Amino acid sequence: MLSCKQTSQLVSQSLDRQLTLRERFAVRAHLLICKYCRRFQQQLLTIRLGLTRMSRSIEQDTNIQMPSEAKARIGKALEAESK
Amino acid sequence: MKKISVHDWLTEHSDYLYRFALARLRDPHLAEDVVQETFMAAIKSPTFAQQSAPRTWLTGILKHKIIDVMRKNIREVSATDLMHDEDGNMDEFFDEAGHWSDKPLAWDVPDDALQQKQFLAVLQTCMDKLPAKLAALFLMRDVHETDNEEICKELNITTTNAWVMLYRARMSIRKCLEINWLHA
């Protein structure tokens, strides 16, 4: 039987690699009886989803524009290059 | 001829490319730099004039530039530093038998837009609190979904070490959220 410490490590690793069949069964068995580890797993998934959302909201926010100084600088650099 | 069209591209695509870079690098200056490098690479490319879908083409170049920056950032982080920085084990969370001593709380996953926004703001603060080195690794993995083996190659660490470090990063972020978001 896995301890909570071992389970939490494997739950974290399940985000980074494919767990072995044996590990998956062991984790699932532990999660069935341990609400704290279930919460832990849920938290990690919430964090990951939050990070994805954060990236997407930056990408889609058309209010965010490149500063005009930067645009001018790039324009100049391009001009110098194409001469 | 060449000059005119690259300036049109700059007007038309620079904001889009900037947001794309910012979403991944989370640093305005770095984002500006990679967009500049992208345009510079584009103008030097022999196939430049024949591009029928410039935005897609430019985005492809940009993706490579972003990965280069991440590599460089993470290379400045030596793996030994990483290990030393967060050398403490997880004793603060578990008792001798490996049971939770600091039990994870139930999170009400934010559902409305305002709560979601607050949650994301605290999440960002918690990310900022991570030791820089751990944050770099964490960003590379959880935000960029960079392949693990590639990360390890860059950092010259074993996959086992990477798992341990990512575990610590996640532990510390979730704890930070419990303190600053849940109890706020």
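Refer to the structure presented above.
Residues numbered from 1 in each chain as written. Chains lettered and ligands numbered in written order. Predicted model: local features only at pLDDT ≥ 70, side-chain atom pairs only at ≥ 80, totals over all residues.

As for helix α3 (residues 35-60) of chain A
What counts is decided by this rule: Helix and strand assignments follow DSSP, with helices taken as H or I runs no shorter than four residues and strands as E runs no shorter than two, numbered in order from the N terminus. For a helix, the expected span equals 1.5 Å multiplied by the number of residues minus one. Whether two residues are in contact is decided by their C-beta atoms, placed from the backbone, lying within 7 Å.
Helix length check: α3 of chain A (26 residues) gives 37 Å between terminal C-alpha atoms against 38 Å at 1.5 Å per residue, within 8%. As for α3 of chain A, its buried residues are in contact with α1 (4-13) and α2 (21-33) of chain A together with α5 (113-129) and α8 (159-182) of chain B.

Quick word on unusual backbone geometry
If you check the backbone angles, Arg26 of chain B has positive phi at about 55 degrees while not being a glycine. Tracing the sequence through the fold places Arg26 of chain B in the loop between α1 (2-25) and α2 (28-44).

Here's the deal with the interface of chain B and chain A
Many analyses report the size of an interface as the accessible area lost when the parts associate. Threshold: Note on residue classes: Ala, Val, Leu, Ile, Met, Phe, Trp, Tyr, Cys and Pro are nonpolar, Asp, Glu, Lys and Arg are charged, and everything else, Gly too, is polar.
With 45 residues of chain B at the contact, the number on the chain A side is 38 residues. Elements represented by at least two residues in the side of chain B that touches chain A include exactly α1, α2, α5, α6 (132-143) and α8 of chain B. At 13 residues, the largest contribution of residues to the side of chain B that touches chain A is made by α1 of chain B. When grouped by side-chain class, the residues that make up the side of chain B that touches chain A number 27 nonpolar, seven polar and 11 charged.

Structural notes on the environment of Gln42 of chain A
The residue Gln42 of chain A is located in helix α3 in this model. Considering only alpha carbons, one finds Gln42 of chain A and Val11 of chain A, 31 residues apart in sequence, at a separation of 9.9 Å.

Description of α8 of chain B
As a reminder, the rule being used: Whether a residue is buried, exposed or partly exposed follows from its count of other C-beta atoms within 10 Å of its own C-beta, namely 20 or more, 12 or fewer, or something in between, respectively; the C-beta atoms are built from the backbone.
The terminal C-alpha atoms of α8 of chain B lie 33 Å apart, and with 24 residues this matches the ideal 34 Å at 1.5 Å per residue to within 8%. Three or more residues of α8 of chain B are buried, namely Ala162, Val164, Met165, Leu166, Tyr167, Arg168, Ala169, Arg170, Met171, Ile173, Arg174 and Leu177 of chain B.

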